[in-house]
Amino acid sequence: EDKPRGIHHWQRAAMKGDVESRNKLGDVEYDNANYQIALQHYMISAKLGYEKSLNYIKEMFKEGHATKAQYAEALLGYRDAVGE
């Protein structure tokens, strides 16, 4: 697997608004212990209605890598995006 090439494609897709690619970038950063950068990626995709990212932010909150305010912001953004 050509990981750097895959990441580059995810970055390009994420910049065009692809929420799944944005989530995958968050996964890469999380796996590298770059929690704040991962949180930024997850936050963007959660606010665009991607439930998986919202769930990851919830887990990051439980682990102490995200604040209650950050989780609340993601939850409100997600709800706005999906119209709940």
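Structure: see above.
Now for a description of the structure that goes with this document.

Thresholds, definitions, all that
- Residues numbered from 1 in each chain as written.
- Predicted model: local features only at pLDDT ≥ 70, side-chain atom pairs only at ≥ 80, totals over all residues.
- Heavy atoms only, no water.
- Helix = DSSP H or I, 4+ residues; strand = E, 2+ residues; numbered from the N terminus.
- Expected span 1.5 Å × (residues − 1).
- Buried < 20%, exposed > 50% of the residue type's maximum accessible area, 1.4 Å probe, protein only.
- Arc of directions from axis to C-beta.
- Contact = heavy atoms within 4.5 Å.

Next up on the list: helix H5 (residues 68–82). Here H5 is 15 residues long and its end C-alpha atoms lie 21 Å apart, about the 21 Å a rise of 1.5 Å per residue gives. Every buried residue belonging to H5 is among Tyr71, Ala74, Gly77 and Tyr78, and all of these are buried. An end-on view of H5 places all buried positions within 130° of arc, on one side of the element. Residues Lys68, Ala69, Leu76 and Asp80 are exposed on H5 and point more than 90 degrees away from its buried face. The inward-facing, buried residues of H5 abut helix H3 (35–47) and helix H4 (51–63). Phi for glycine 83, located one or two positions after H5, is positive at around 75°.

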